Amino acid sequence: EKGGWSSFMRKEVAEQPDAVANTIRGRIVDGEVHIPELESFGDDELRGVRRITVVACGTASYAGQVAKYAIEQWARVPVEVELSHEFRYREPVIDDGTLVLSISQSGETMDTLMAVKYAREQGARTISICNTQGATIPRESDAVVYTHAGPEVAVASTKAFVAQITALYLFGLHLARVRGTLAPEALADALAELQAIPAKIETVLGQSERVAELAHWMADTRSVLFLGRHVGFPIAMEGALKLKELAYIHAEGFAAGELKHGPIALIEPGQPVFVVVPSPRGSANLHPKVVSNIQEIRARGARVIAIAEEGDAAVLPYADEVIRIPLAAPLFEPLLAVVPLQVFAMELSQAKGLDVDQPRNLAKSVTVE
Ligand code: M6R
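In this text, all values refer to a predicted model and were calculated from it rather than measured experimentally.

Rules and cut-offs
- Each chain has its residues counted from 1, following the order in which its sequence is written.
- Reporting in this predicted model follows two pLDDT cut-offs: at least 70 for local features of residues, and 80 or more for side-chain atom pairs to be given and counted; totals over whole chains, interfaces and linings ignore these cut-offs and use all residues.
- Note that water and hydrogens are dropped before the side-chain values are worked out from all heavy atoms of the structure.
- In this analysis an axis means a line fitted to C-alpha atoms, helices contributing only their contacting stretch, and an angle means the value between N-to-C directions, from 0 to 180 degrees.
- Helix and strand assignments follow DSSP, with helices taken as H or I runs no shorter than four residues and strands as E runs no shorter than two, numbered in order from the N terminus.
- Here roughly perpendicular refers to angles of 65 to 115 degrees, roughly parallel to angles under 35, roughly antiparallel to angles over 145, and oblique to all remaining angles.
- Only heavy atoms enter the contact rule, under which two residues are in contact if any of them lie within 4.5 Å.
- All residues other than Ala, Val, Leu, Ile, Met, Phe, Trp, Tyr, Cys, Pro, Asp, Glu, Lys and Arg, Gly among them, are scored as polar; the first ten of these are nonpolar and the last four charged.
- A pair of aromatic rings is counted whenever rings of Phe, Tyr or Trp (Trp by its six-membered ring) have centres within 6.5 Å, and the orientation is called stacked for planes under 30 degrees apart, edge-to-face for over 60 and tilted otherwise.
- The classification of residues rests on relative accessible area computed with a 1.4 Å probe and restricted to protein chains. Under 20% of the type maximum is buried, over 50% is exposed, and intermediate values are partly exposed.
- Over a ring means this: the NZ of a Lys or the CZ of an Arg is within 6 Å of the ring centre and within 35 degrees of the ring normal.
- Residues are classed as near a molecule or strand on a simple rule: at least one heavy atom within 4 Å of it.
- In protein, a polar contact means a hydrogen-donor-capable atom and an acceptor-capable atom, both N or O and within 3.5 Å, with residues adjacent in sequence counting only if both atoms are side-chain atoms; elsewhere, any N or O pair within 3.5 Å suffices.
- Per-residue and other accessible areas were derived by the Shrake-Rupley procedure at a 1.4 Å probe size, with only the shown protein chains allowed to occlude residues.
- For the purposes of this section, nonpolar cores are sets of buried Ala, Val, Leu, Ile, Met, Phe, Trp, Tyr and Cys residues that join through side-chain atoms within 4.5 Å.
- The salt bridge definition used is simple: a Lys or Arg side-chain nitrogen within 4 Å of an Asp or Glu carboxyl oxygen.
- Two strands qualify as a pair provided that DSSP identifies no fewer than 2 bridges between them.
- Think of it as the arc spanned by the lines of direction from the helix axis to the C-beta atoms.

### Looking at the packing of helix H2 (residues 16-24) against helix H9 (residues 184-205)
Line of reasoning, step 1. Where H2 meets H9, the closest approach of the two axes is 8 Å, and the angle between their N-to-C directions is 175°. It follows from the interaxial angle that H2 and H9 lie roughly antiparallel. On H9, the residues that touch Gln16, Pro17, Val20, Ala21 and Ile24 of H2 are Leu194, Gln195, Ile197, Pro198, Ile201, Glu202 and Leu205.
Line of reasoning, step 2. In terms of residue class, the contact of H2 with H9 is made up of nine nonpolar, two polar and one charged.

The structure is reproduced here in structure tokens:
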């Protein structure tokens, strides 16, 4: 079933353009989002949502964290993202304005299932984002929006992650339309951005050989740090998680703004640091702030690998390596920036002779608490 690929993960990384395209397919009709699965949630109910709580674990929780930025910006609803196992055991405040959104590739993760059941018992309405038809979590939810990534076999989640962000973005844009929080042109622009993503992921995949070389040079590395800001922050954490689980290397993801509140003490000569650089075209002036973070760590000897958009020259004097991603609206960059991080972890695992599809101590779906 690997269809000529050396591992399931390699195949699934390559399938990401299709995972996004298939998740969009049929859901944008005449320039409008159309999610028939959400029919049981009438427009009035969606207008009445006062708060969204996302419950998920691992990579799925990072998809939720990315979507938090987009849904809050587009639909002006507060979104909190909770690890399912933390949510369930702390008497969370749930009222009738709370919508609980679960995210799970397998649809069988016990912690997330328990969180959904608990939320329903407390009277919340629940929607699940799931990749597995008929799985338990969707059956326990009021509605399900399926991701159409196709079966994901490798333990490390890749194509399901980009499909989850895609489905969450479609949901966020649907919510924004219903609530009237986004001008029609802005909505159309966002949908066009989403539809352009598959081809752009293909372009990023075109650089995989360079990323592989980088990983092979770094096979003896003992620790790698990842920095990001805004939507790049969950991507930094996802890059670190991939590296831990696949290459058994200590890795941590930080919000770049947090650097001087502690983590910068970790920087010593030779420390590899991946930096997800926000677009210079972004509104909040985050780009120069991250470039100055790069200068700060470089001055302390860090080896900087920047993931930056095409044409961003500001990073060149300070980065040891630059991996380029095509231009995209800032909220859509995570769908591109995550790809080289997945490839890096996969290649490093392979360079170390490890089992990339089945890392030690891990299971594809965690069906125990
Ligand atoms: O099936 P789920 O999406 O509920 O799984 C959640 C996590 O167990 C999963 O994303 C895990 O973190 C992956 N191994 C990460 O690559």
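There is more to say after this.
### Here we look at the packing of aromatic side chains
Line of reasoning, step 1. Enumeration according to the criterion identifies six aromatic pairs in this entry.
Line of reasoning, step 2. A centroid spacing of 5.3 Å and a plane angle of 90° characterise the contact between Tyr169 and Phe332, whose relative ring orientation is edge-to-face. Of the two residues, Tyr169 sits in helix H8 (residues 159-179) while Phe332 sits in the loop between strand S12 (321-325) and helix H13 (334-351), which places them 163 residues apart along the sequence.
Line of reasoning, step 3. Relative accessible area serves as the criterion here: at 0%, Tyr169 is assigned to the buried category.
Line of reasoning, step 4. Counting every residue linked through ring pairs, the aromatic cluster contains Trp74, Tyr169 and Phe332.
Line of reasoning, step 5. Taking NZ or CZ as reference, Arg88 lies 4.9 Å from the ring centre of Tyr89, over its face.
Line of reasoning, step 6. Here the basic side chain of Arg125 rests over the ring of Phe41, its NZ or CZ set 4.2 Å away from the ring centre.

### Quick look at the site of the ligand
Line of reasoning, step 1. Among the 14 residues in the neighbourhood of the ligand, the closest are listed as Ser104, Gln105, Ser106, Thr109 and Glu245.
Line of reasoning, step 2. Ser106 places a side-chain nitrogen or oxygen 2.7 Å from an oxygen atom of the ligand.
Line of reasoning, step 3. In this structure, an oxygen atom belonging to the ligand sits 2.9 Å away from a main-chain N or O atom of Ser157.
Line of reasoning, step 4. Contact with the protein chains hides 91% of the accessible area of the ligand, taken as 410 Å² for the molecule alone.
Line of reasoning, step 5. Among the secondary structure elements, those contributing two or more residues to the shell around the ligand are helix H4 (58-75) and helix H11 (232-247).
Line of reasoning, step 6. When the residues that make up the shell around the ligand are grouped by side-chain class, the tally is five nonpolar, seven polar and two charged.

### A closer look at the nonpolar core
Line of reasoning, step 1. If you look at the biggest cluster of nonpolar residues, it comprises 97 residues, and the most contacted ones within it are Ile52, Trp74, Tyr169, Leu243 and Phe332.
Line of reasoning, step 2. It is H8 that contributes the most residues to this core, 13 residues altogether.
Line of reasoning, step 3. Ignoring sequence-local partners within four residues, the contact set of Trp74 consists of Tyr169, Gly172, Leu173, Ala176, Thr181, Leu182, Ala190, Leu331 and Phe332.
Line of reasoning, step 4. Formed by 21 residues, the second largest nonpolar core is a distinct cluster that contains Leu227, Val277, Ile294 and Ala319.

### Side note on the pattern of salt bridges
Line of reasoning, step 1. According to the stated counting rule, one finds 21 salt bridges in the structure shown.
Line of reasoning, step 2. Of the charged contacts in the structure, one is a salt bridge between Glu82 and Arg90, with a shortest N-O distance of 2.5 Å.
Line of reasoning, step 3. Classification of Glu82 as buried rests on a relative accessible area of 14%.
Line of reasoning, step 4. A salt bridge links Lys242 to Glu245, with the shortest nitrogen-to-oxygen separation between them at 3.7 Å. Of this pair, Lys242 and Glu245 both sit in helix H11, three residues apart, which is roughly one turn of the helix.
Line of reasoning, step 5. Residue classification places Glu245 among the buried residues on the basis of a relative accessible area of 14%.
Line of reasoning, step 6. A single network of salt bridges, built from pairs that share partners, joins Glu45, Arg120, Arg125 and Asp142.

### A short note on the environment of Arg222
Line of reasoning, step 1. Of note, Arg222 is situated in the loop between helix H10 (208-217) and strand S8 (223-228).
Line of reasoning, step 2. On a C-alpha basis, the gap between Arg222 and Ala251 in space is 8.6 Å, while along the polypeptide they are 29 residues apart.
Line of reasoning, step 3. Filtering out sequence-adjacent residues up to four positions away, Arg222 remains in contact with Ile249 and His250.

### Side note on the sheet that holds strand S9 (residues 250-255)
Line of reasoning, step 1. If you walk across this open sheet you meet the five strands as S9-S8-S10-S11-S12, and the pairing is parallel. One side of each edge strand has no neighbouring strand; the edge strands of this open sheet are S9 and S12. Each neighbouring strand pair of the sheet contributes to a mean axis angle of 20°, computed without reference to strand direction.
Line of reasoning, step 2. Here strand S11 (residues 303-309) pairs with S12 via five bridges, running parallel. Counted as the bridge partner of Ile307 is Ile323 from S12.
Line of reasoning, step 3. Those strands touched by helix H12 (residues 286-299) are S8, strand S10 (272-276) and S11, and its axis lies near 175° from that of S10.
Line of reasoning, step 4. H13 contacts S8, S10, S11 and S12 of the sheet and is inclined by roughly 155° relative to S10.

### Some words on H2
Line of reasoning, step 1. Burial in H2 covers these residues: Gln16, Pro17, Ala19, Val20, Thr23 and Ile24. End-on view of H2: buried residues confined to an arc of 165°, all on one side of the axis.
Line of reasoning, step 2. Check the buried side of H2 and you find it contacts helix H1 (8-14), strand S1 (28-29), strand S7 (143-146), H8, H9 and H13.
Line of reasoning, step 3. Downstream of H2 by a residue or two, Gly26 has a phi angle that is positive, lying close to 80°.

### Observations regarding the sheet that holds strand S4 (residues 79-83)
Line of reasoning, step 1. One open sheet accounts for five strands, arranged S4-S3-S5-S6-S7; its pairing is parallel. Every interior strand has two partners, whereas the edge strands, S4 and S7, have only one. Taken over all neighbouring pairs, the strand axes of this sheet differ in orientation by 20° on average, direction set aside.
Line of reasoning, step 2. For strand S3 (residues 51-56) and S4, the ladder comprises five bridges, and the chain directions are parallel. Across the sheet, Val55 pairs through a bridge with Glu82, a residue of S4.

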